[in-house]
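Read off the chains here:
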Protein chains: 2
Amino acid sequence: MRGLLVERAARMLADREPVTLRALVEGTGASTMAVYTHFGGMPGLWSAVRQEGFTRLATRLDGVARTGDPVHDLAALGVAYAHNALDAPELYRAMFDARADLADAPAADATFERLVTAAARARDAGRLAADTDPLGLATRYWAAGHGLVSLVVQGVLPAESLPPLATDTAVALLTAAGDDPARCRESVQRAWAGG
Amino acid sequence: MRGLLVERAARMLADREPVTLRALVEGTGASTMAVYTHFGGMPGLWSAVRQEGFTRLATRLDGVARTGDPVHDLAALGVAYAHNALDAPELYRAMFDARADLADAPAADATFERLVTAAARARDAGRLAADTDPLGLATRYWAAGHGLVSLVVQGVLPAESLPPLATDTAVALLTAAGDDPARCRESVQRAWAGG
DNA sequence: CATTATGACATAGCGCTGCTATGTTATGGA
DNA sequence: TCCATAACATAGCAGCGCTATGTCATAATG
């Protein structure tokens with residue numbers, strides 16, 4: 001029942017339908033009380049929806065193969081992140097909703113940790129400066145990507161501008177961390193090309 | 001009456017009070033109809049509140065003096081942007097609310113234009129590469145800053161982490177655009193120090 | 001000057017929201 | 001067998017944004 005309601009909420013989100021209590025349970029056979037039995041109320045449902053969003057993101061990121069080019073892998077994580085957001089914009093907005101519960105933090109941290117380890121791998125492989133702080137780099141990388149994706153998802157920036165903007169931003173952040181500019185750009189561009 | 005209601009809405013936003021129709025007009029002597037007479041409804045009120053937010057931001061940015069160091073000025077605009085957001089977090093969130101009207105775009109574009117001209121000035125002054133695209137650089141710069149500020153405003157990142165993160169990000173983007181790393185860092189750090 | 005049109009105001013009420021109180025039913029353990 | 005527990009459905013609450021309606025002051029018009 002929990003899973004059914006969460007999936008239905010995600011579907012309604014994707015269909016741009018307003019996710020209200022009565023609209024959510026309509027057609028499921030369940031009554032409005034199901035939301036209170038399983039989630040304790042609408043905030044609990046939204047929390048579960050955000051968890052679902054982070055779970056889907058984690059699945060996406062897990063699908064990014066680890067190649068011999070750690071900078072490419074770092075960029076590929078960003079590409080997967082962007083595709084995940086643009087494939088389900090409303091879910092992405094719900095994940096970072098202003099009224100989000102801090103109980104969702106662990107799920108977000110788990111996906112972020114993938115970025116930190118990828119940055120550490122790039123440093124340990126010699127692509128980035130030895131004194132590179134993986135946490136700091138990953139934070140700057142994520143924040144910049146989140147800003148770009150948020151503006152695209154919101155319609156402020158057109159979707160077709162995302163690849164070049166994200167590429168230039170990633171190259172800037174990674175070359176500042178010590179990578180060779182030309183080699184870095186090649187790695188990042190290959191990630192966006194799907195290689 | 002318009003200004004009174006908008007200011008009261010901004011105040012309620014700052015006080016973390018829910019801005020509802022009845023709560024907004026309470027104490028003003030006006031009835032709920034005032035919102036419909038002057039704004040056409042709550043969406044119109046929110047649009048006016050966002051306009052107010054961009055007006056305040058524009059005032060902040062206009063207060064940034066133009067010095068002999070265009071890279072410092074660029075960073076100073078970012079600092080002012082961040083301070084404006086952190087001084088009124090709820091207003092900042094309202095400005096970039098998911099349900100924002102596209103009619104607010106001109107006000108947002110006007111503030112963004114300041115960043116583009118500052119980037120062009122840095123390029124024309126020889127601090128950035130001659131082939132630097134001011135619009136593209138400003139977009140990356142703004143998106144990265146927006147991502148950082150959004151995460152701080154939302155409580156995902158602590159406020160004290162913003163200066164170092166923003167500094168490193170700005171230095172990375174500006175050095176990628178051709179500025180000298182050491183000189184760039186000095187300019188950006190001076191901007192954050194309030195020089 | 002008298003009349004009328006217009007805009008701002010207040011009141012009452014509609015449909016919707018999330019939520020709660022209450023009653024019912026089914027399942028599992030003492 | 002009896003009962004505690006959990007999940008269910010129904011009805012109704014206060015609050016929300018909004019609208020219909022009536023009132024009143026102001027200003028333009030013959």
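A few points on the structure. All of these numbers come straight from a predicted model, not from anything done at the bench.

**Some thoughts on helix H1 (residues 2-14) of chain A**
Residues and elements named next belong to chain A.
- Compared with the 18 Å implied by 1.5 Å per residue over 13 residues, the 18 Å span of H1 between its first and last C-alpha is a close match.
- Among the residues of H1, Leu5, Val6, Ala9, Ala10, Met12 and Leu13 are the ones counted as buried. One side of H1 holds all its buried residues, which, seen down the axis, span an arc of 160 degrees. Residues of H1 that are exposed and angled more than 90 degrees away from the buried face: Glu7 and Arg11.
- Among the structural elements, helix H2 (21-25), helix H3 (33-38), helix H4 (42-62) and helix H6 (89-95) are those in contact with the buried residues of H1.
- Looking one or two places after H1, you find Arg16, whose phi comes out positive at around 65 degrees.

**Focus on the environment of Asp133(A)**
Residue and element names in this part refer to chain A.
- Inspection of the secondary structure puts Asp133 in the loop between helix H7 (105-124) and helix H8 (134-153).
- With a relative accessible area of 45%, Asp133 lands in the partly exposed category.
- Placed 44 residues apart in sequence, Asp133 and Ala177 show a C-alpha to C-alpha distance of 8.9 Å.

**Considerations on the packing of helix H5 (residues 70-87) of chain A against helix H10 (residues 181-193) of chain A**
Residues and elements named next belong to chain A.
- Taken N-terminus to C-terminus, the directions of H5 and H10 make an angle of 35 degrees; their axes are 8 Å apart at the nearest point. Relative to H10, the crossing made by H5 is right-handed. Contact with H5, carried on its side by Val71, His72, Ala75, Ala76, Val79 and Ala82, involves Cys184, Ser187, Val188, Arg190, Ala191 and Trp192 of H10 and no other residues of that element.
- In terms of residue class, the contact of H5 with H10 is made up of nine nonpolar, two polar and one charged.

Rules used in this analysis
Residues numbered from 1 in each chain as written. Chains lettered and ligands numbered in written order. Predicted model: local features only at pLDDT ≥ 70, side-chain atom pairs only at ≥ 80, totals over all residues. Heavy atoms only, no water. Helix = DSSP H or I, 4+ residues; strand = E, 2+ residues; numbered from the N terminus. Expected span 1.5 Å × (residues − 1). Buried < 20%, exposed > 50% of the residue type's maximum accessible area, 1.4 Å probe, protein only. Arc of directions from axis to C-beta. Contact = heavy atoms within 4.5 Å. Axes fitted to C-alpha atoms, helices over the stretch in contact; angles between N-to-C directions. Left-handed = near helix turned anticlockwise from the far one by under 90°. Nonpolar A, V, L, I, M, F, W, Y, C, P; charged D, E, K, R; others polar.

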